[in-house]
Amino acid sequence: MENREKPIGFFDSGVGGISVLREAVKLMPNENFIYFGDSLNAPYGTKSVTDVQDLAVKNAEMLIGMGVKAIVIACNTATSVSADILRLKYPHIPVIGVEPALKPALLHKENPKVLVMATEVTLREKKFKALLEKYSDLGEVFPLPCPGLMEWVEQGVLEGEAVEEFLENILLPYKNKVDAVVLGCTHYPFLKDVINKIVGENVVIFDGGAGTAKELKRRLAELDMENKGNEKGTVEFLNSKGSDREKALCEKLFYL
Ligand code: DGL
């Protein structure tokens, strides 16, 4: 197989990274993709930094073993604590991460109030602190750790009374009090409609999926690694739980 025809490997702690994958497929339909969801070890966002790093290295090793030409860490949590490690370990291929879309949210209007929903690890670690430091004078930022939220998406529950009640418990204090919400975990875009309904329909929602896909395309072009074929590429779903249920959920989320 020619180098450019090799697949691009994505991984996440579960099915959330499909929100990034679908943006990449939209942008590069002729590329081949492998998506690995580590649902067996989810959630990552409440684990220790070293546990997340070990899992990220394991996932990347597996994808490298499958001959990928690039890796996308489709998980804000894993990006936050392991992007540097993976880049050092695999200097021969591009390693792209996803991070909370704080900058576009802060720039979308003058001096906005921005709520950032993400995992505990993402909000606690130095990558997010650095992002805050760089852009926080553009507006007011409210970081909100959301333990327990990704589990709804892992269960395939994207709407209904139960998930609305869960979200109301954490979001009602911000209803119509913020201008934007940043979805700083790749699972949350699948709950965007419910989140918008609770925080207020005029609140603008941002996520890092499209930006990450653009960056992936830019890096592949820069390294002359794009698949130039005209045929539609393939998308393969793998999951550490290995069950038909996970595979079906991946497909459901991908085609939403
Ligand atoms: N999807 C992941 C993220 O973007 C993490 C969810 C979790 O495993 O806690 O942060």
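Residues numbered from 1 in each chain as written. Predicted model: local features only at pLDDT ≥ 70, side-chain atom pairs only at ≥ 80, totals over all residues. Heavy atoms only, no water.

K.L.:
Can you help me understand the nonpolar core in this one?
P.N.:
Grouped burial of nonpolar side chains is what soluble globular proteins tend to show. Core analysis: the biggest nonpolar cluster contains 48 residues, and Phe-10, Met-117 and Leu-216 have the highest contact counts within it. Per element, the largest residue contribution to this core is 5 residues, and it comes from helix H1 (residues 18-27). Ignoring sequence-local partners within four residues, the contact set of Leu-216 consists of Ile-8, Phe-10, Ala-24, Met-28, Ala-70, Val-72 and Ile-96. In this structure, Tyr-44, Leu-55, Leu-63 and Val-95 belong to the second largest nonpolar core, which totals 22 residues. (Core = buried A, V, L, I, M, F, W, Y, C linked by side-chain atoms within 4.5 Å. Buried < 20%, exposed > 50% of the residue type's maximum accessible area, 1.4 Å probe, protein only. Helix = DSSP H or I, 4+ residues; strand = E, 2+ residues; numbered from the N terminus. Contact = heavy atoms within 4.5 Å.)

K.L.:
Sorry, what's going on with the pairing of strand E8 (residues 204-207) here?
P.N.:
For a regular strand, the rule is simple: side chains alternate between the two faces of the sheet. With 4 bridges joining them, strand E7 (residues 180-183) and E8 adopt parallel strand pairing. Along E8, the bridge assignment pairs Leu-183 with Asp-207. With helix H9 (residues 192-199) bridging E7 and the parallel E8, this β-α-β connection has right-handed handedness. (Pairing = 2+ DSSP bridges. Right-handed = clockwise from strand over helix to strand, strands pointing away.)

K.L.:
Please clarify how the sheet that holds strand E4 (residues 95-97) should be interpreted in this entry.
P.N.:
Hydrogen bonds between backbone groups are what pair the strands of a sheet, and the pairing can be parallel or antiparallel. Read across the open sheet, the 5 strands follow the order E4-E3-E1-E2-E9; overall the sheet is parallel. Because the sheet does not close on itself, it has two edges, and the strands there are E4 and strand E9 (235-239). Averaged over neighbouring strand pairs, the angle between their axes works out to 20° when direction is ignored. With 5 bridges joining them, strand E1 (residues 8-12) and strand E2 (residues 33-37) adopt parallel strand pairing. Within the sheet, the bridge partner assigned to Gly-9 lies in E2 and is Ile-34. (Axes fitted to C-alpha atoms, helices over the stretch in contact; angles between N-to-C directions.)

K.L.:
Would you mind showing me how to read the packing of H1 against helix H11 (residues 244-254) here?
P.N.:
For any two helices packed against each other, the geometry comes down to the angle between their axes and how far apart the axes lie. The N-to-C vectors of H1 and H11 enclose an angle of 50°; their axes lie 9 Å apart at closest approach. By the angle between their directions, the pair H1 and H11 is classed as oblique. Relative to H11, the crossing made by H1 is right-handed. Packed against H1, whose contacting residues are Ile-18, Leu-21, Arg-22 and Val-25, the element H11 presents Cys-250, Leu-253 and Phe-254 at the interface. Considering only residue class, the contact of H1 with H11 consists of 6 nonpolar, no polar and 1 charged. (Parallel < 35°, antiparallel > 145°, perpendicular 65-115°, else oblique. Left-handed = near helix turned anticlockwise from the far one by under 90°. Nonpolar A, V, L, I, M, F, W, Y, C, P; charged D, E, K, R; others polar.)

K.L.:
Teacher, can you tell me more about the site of the ligand here?
P.N.:
Looking at the ligand, there are 13 residues lining it, with Ser-13, Tyr-44, Asn-76, Thr-77 and His-187 nearest. Interatomic distance of 3.0 Å between a side-chain N/O atom of Asp-12 and a nitrogen atom of the ligand. For the ligand, an oxygen atom lies 2.8 Å from a polar atom in the backbone of Asn-76. Relative to its unbound accessible area of 300 Å², the ligand is 99% covered by the protein chains. (Near = heavy atom within 4 Å. Polar contact = N/O pair within 3.5 Å; in protein donor to acceptor, adjacent residues only side chain to side chain. Areas by Shrake-Rupley, 256 points an atom, 1.4 Å probe, with all protein chains shown as cover.)

K.L.:
In this structure, what is going on with the sheet that holds E8? I would like to understand it.
P.N.:
Taken in spatial order, the 4 strands make up an open sheet running E6-E5-E7-E8, and their pairing is parallel. Sheet topology places strand E6 (140-145) and E8 at the edges, where each strand pairs with a single neighbour. Adjacent strand axes in the sheet meet at a mean angle of 20°, parallel and antiparallel pairs treated alike.

K.L.:
What should I look at first to understand the packing of helix H2 (residues 49-65) against helix H3 (residues 76-89) in this one?
P.N.:
Across the interface, H2 lies against H3 with an axial gap of 9 Å and an inter-helix angle of 55°. Viewed along their axes, H2 and H3 adopt a mutual orientation that is oblique. The element H2 and its partner H3 pack so that their crossing is right-handed. Contacts between H2 and H3 pair Val-49, Val-52, Gln-53, Ala-56, Val-57, Ala-60 and Glu-61 from the former with Thr-77, Ala-78, Val-81, Ser-82, Ile-85, Leu-86 and Lys-89 from the latter.

K.L.:
Please explain helix H6 (residues 126-135) as it appears in this structure.
P.N.:
Count 3.6 residues to each turn of an α-helix, and residues three or four apart come out pointing the same way. Those residues of H6 not exposed but buried are Phe-128, Leu-131 and Tyr-135. Summarising the axial view, the buried residues of H6 lie within an arc of 55°, below the 170-degree limit, and thus occupy one face. Facing away from the buried side of H6 by over 90 degrees, the exposed positions are Lys-126 and Glu-133. Tucked into the core, H6 has its buried residues touching helix H4 (102-107), strand E5 (113-118), helix H5 (120-124) and E6. (Arc of directions from axis to C-beta.)

K.L.:
Looking at this model, I keep getting lost on unusual backbone geometry. Mind explaining?
P.N.:
Keep in mind that most residues, glycine aside, have a negative phi and that most peptide bonds are trans. The omega torsion across Ala-42 and Pro-43 is 0°, close enough to zero to call that bond cis. You can see Pro-43 is positioned in the loop between E2 and H2. In this structure, Asn-111 takes a positive phi of about 50° despite not being glycine. Relative to the helices and strands, Asn-111 resides in the loop between H4 and E5. Its identity is not glycine, yet Asp-224 carries a phi of approximately 55°, on the positive side. Along the chain, Asp-224 turns up in the loop between helix H10 (209-222) and E9.

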